[in-house]
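# Analysis of the macromolecular model
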Amino acid sequence: MVKKRVPDWLNSPLWYSAPPPPAPDDDDHLYSTSSAPTISSPSTSKSTTTTTNSATASAVTTEPPKVEIRDPYGNNDSSDYDGNPTSAEDVSLLAQLELELSRKVVNMGELRRVASQGIPGGAGIRSTVWKLLLGYLPMDRGLWSSELAKKRSQYKHFKEELLMNPSEITRRLEKSSGFENEESKCVTRVFLSRSAITHGEHPLSLGKTSIWNLFFQDSEFIEQIDRDVKRTHPDMQFFSGESQFAKSNQEALRNILIVFAKLNPGIRYVQGMNEILASLFYVFRNDPNEENAALAEADTFFCFVELISGFRDLFCQQLDNSVAGIRSTISKLSKLLKEHDEELWRHLEVTTKVNPQFYAFRWITLLLTQEFDFADSLIIWDALLSDPEGPQETLLRICCAMLILVRRRLLAGDFTANLKLLQHYPSANIRHLLYVGNKLRKQLPL
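Notes on the structure in this doc start here. Small disclaimer: the values here were computed from a predicted structure and weren't measured.

Helix and strand content of the chain: 20 helices and zero strands. Of all intrachain contacts in the chain linking residues separated by at least 6 positions in sequence, the fraction that spans at least 24 positions is 71%.

This paragraph deals with unusual backbone geometry. Its identity as a non-glycine residue notwithstanding, R268 has a phi of 55°, on the positive side. Note on placement: R268 falls in the loop between α9 (244-263) and α10 (273-285).

Counting residues in each nonpolar core, the largest one holds 107 residues, and the members touching the most others are W130 and F304. It is helix α17 (residues 391-405) that contributes the most residues to this core, 10 residues altogether. When neighbours within four sequence positions are excluded, W130 is seen to be in contact with I119, S279, L280, V283, F284, L378, W381, D382 and L385.

Here we take up the side chain of H347. Inspection of the secondary structure assignment puts H347 in helix α14 (residues 342-351). A relative accessible area of 15% places H347 in the buried class. Apart from the residues lying within four places of it in its own chain, the contact partners of H347 are T352, K353, L410, L411, G413 and N418.

The final tally for this structure, using the stated rule, is 16 aromatic pairs. Measuring from ring centre to ring centre gives 5.4 Å for F238 and F245, while their planes differ by 80°; the resulting arrangement is edge-to-face. Here F238 falls in the buried class, since its relative accessible area comes to 0%. Relative to F415, the ring of F358 has its centre 6.4 Å away and its plane inclined at 90°; by these criteria the two rings are edge-to-face. A residue pair is termed long-range when its members are at least 10 positions apart, and F358 in helix α15 (residues 357-365) and F415 in helix α19 (residues 415-423) qualify at 57 residues. The class of F358 is buried, set by a relative accessible area of 17%.

This brings us to the pattern of salt bridges. Tallied over the entire structure, the rule returns 21 salt bridges. One salt bridge connects D228 with R231, and the closest N-O pair in it is separated by 2.8 Å. You can call D228 buried: its relative accessible area is 2%. If you follow the salt bridges from partner to partner, you end up with K131, R152, E291 and D299 in one network.

Attention shifts here to the packing of helix α13 (residues 326-340) against α15. Relative to each other, α13 and α15 sit at 110°, their axes nearing to 10 Å. Classified by the angle between their axes, α13 and α15 sit roughly perpendicular to one another. Residue-level contacts link I326, R327, T329, I330 and L333 of α13 to Q357, A360, F361, I364 and T365 of α15.

To continue, consider the packing of α15 against α19. Direction vectors running N to C along α15 and α19 enclose 5°, while the axes themselves pass 9 Å from each other. What the angle tells us is that α15 and α19 run roughly parallel. Contact with α15, carried on its side by F358, Y359, R362 and W363, involves F415, L419, L422 and Q423 of α19 and no other residues of that element.

The next subject is the environment of M108. Tracing the sequence through the fold places M108 in helix α3 (residues 108-115). Sequence separation between M108 and S386 is 278 residues; the distance between their C-alpha atoms is 9.3 Å. When sequence neighbours within four positions are dropped, the list of residues in contact with M108 reads L132, L133 and M139.

Rules used throughout
Residues numbered from 1 in each chain as written. Predicted model: local features only at pLDDT ≥ 70, side-chain atom pairs only at ≥ 80, totals over all residues. Heavy atoms only, no water. Helix = DSSP H or I, 4+ residues; strand = E, 2+ residues; numbered from the N terminus. Contact = heavy atoms within 4.5 Å. Core = buried A, V, L, I, M, F, W, Y, C linked by side-chain atoms within 4.5 Å. Buried < 20%, exposed > 50% of the residue type's maximum accessible area, 1.4 Å probe, protein only. Phe/Tyr/Trp six-rings, centres within 6.5 Å; stacked < 30°, edge-to-face > 60°. Salt bridge = Lys/Arg side-chain N within 4 Å of Asp/Glu carboxyl O. Axes fitted to C-alpha atoms, helices over the stretch in contact; angles between N-to-C directions. Parallel < 35°, antiparallel > 145°, perpendicular 65-115°, else oblique.

Spelled out as structure tokens, the structure:
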């Protein structure tokens with residue numbers, strides 16, 4: 001078999017990170033992911049423990065130092081994180097986006113083109129753009145107010161129906177059936193007679209339609225949601241801490257995940273969904289429009305549903321081994337790497353035997369939210385949401401670009417070094433990463 005020649009551009013120093021000099025603090029530039037969940041092999045369950053052999057475990061016992069996440073609600077001194085454009089390129093992009101959003105009917109093709117380059121922060125521009133890209137807002141600006149009012153009312157109804165305690169449901173049923181009128185006639189009657197309590201309303205009922213039985217069945221995944229929400233971005237005061245603001249944000253995440261799980265019993269809740277949801281909620285909650293910010297929970301819910309629908313099969317354990325499941329998706333990444341850099345693919349998967357499942361499972365299922373600085377991950381999402389082909393194909397190309405950008409270090413590494421590098425991906429120029437990923441899609445010479 002004729003070995004496929006490596007493209008010349010892959011050997012250019014522009015596209016990869018130079019190997020680090022031998023020093024004891026080699027990992028100082030790596031981002032830490034110790035506070036974020038890692039996802040296990042889908043062949044077992046969708047949990048947050050990466051499954052590898054003993055050699056792998058020993059390779060990653062030493063955690064790299066923590067990198068402070070830039071949090072505008074914290075005490076960090078981050079002069080550029082206020083969203084003000086810091087370059088001529090950002091100023092130009094922001095102007096183009098504002099122009100598109102000012103049109104009576106938004107040109108989605110042009111909006112996607114500009115947004116895919118990364119949306120400059122500030123002015124709430126990302127919040128509006130993401131809602132358009134996810135189909136939550138219609139292209140016609142004249143319909144925005146009525147559409148938002150309808151959706152927000154619908155979410156309020158979902159919460160009233162799905163987050164209510166069975167005791168409250170029973171009380172409302174009693175009220176609607178005239179129990180309160182009867183009690184007003186007989187003040188001494190404070191308990192329902194045994195015959196008045198239906199089978200479905202009894203707390204010990206095992207009936208499939210029993211509101212109490214359903215309540216106890218839901219308690220398991222609700223407890224998991226509570227645990228995961230509390231550890232969402234613990235370094236950001238927006239999500240973590242004792243402030244009322246942080247607690248209200250956690251409550252919003254909890255509500256959305258519970259409502260989603262109850263409306264989608266085939267998926268319910270899968271660990272890691274909280275990390276995906278957090279990015280959406282953060283953007284919408286920071287909308288400078290006070291009304292939009294106050295109602296961010298409802299907007300986030302519908303956008304979360306739309307986003308997850310594009311990755312639905314990845315979260316369904318029964319489909320892990322199907323053509324649409326996580327194993328097939330990881331296999332697509334492997335084939336993509338082989339197509340663009342066969343030498344690197346062979347070294348990783350044949351020579352050093354680094355199974356892409358060891359690192360790509362988390363990359364894919366968490367949409368790269370744990371591999372980069374939080375602000376940088378939002379720029380990556382700009383590209384994911386902007387691609388008309390859908391976020392999944394774009395995600396795979398960005399993952400492939402991540403491998404290519406550190407190819408020199410990977411080619412020089414063994415199983416242990418490479419696994420550690422990919423599970424703790426180094427800092428990168430995000431716009432450059434998106435550029436390389438885009439070139440892989442177009443298959444143009446770099």
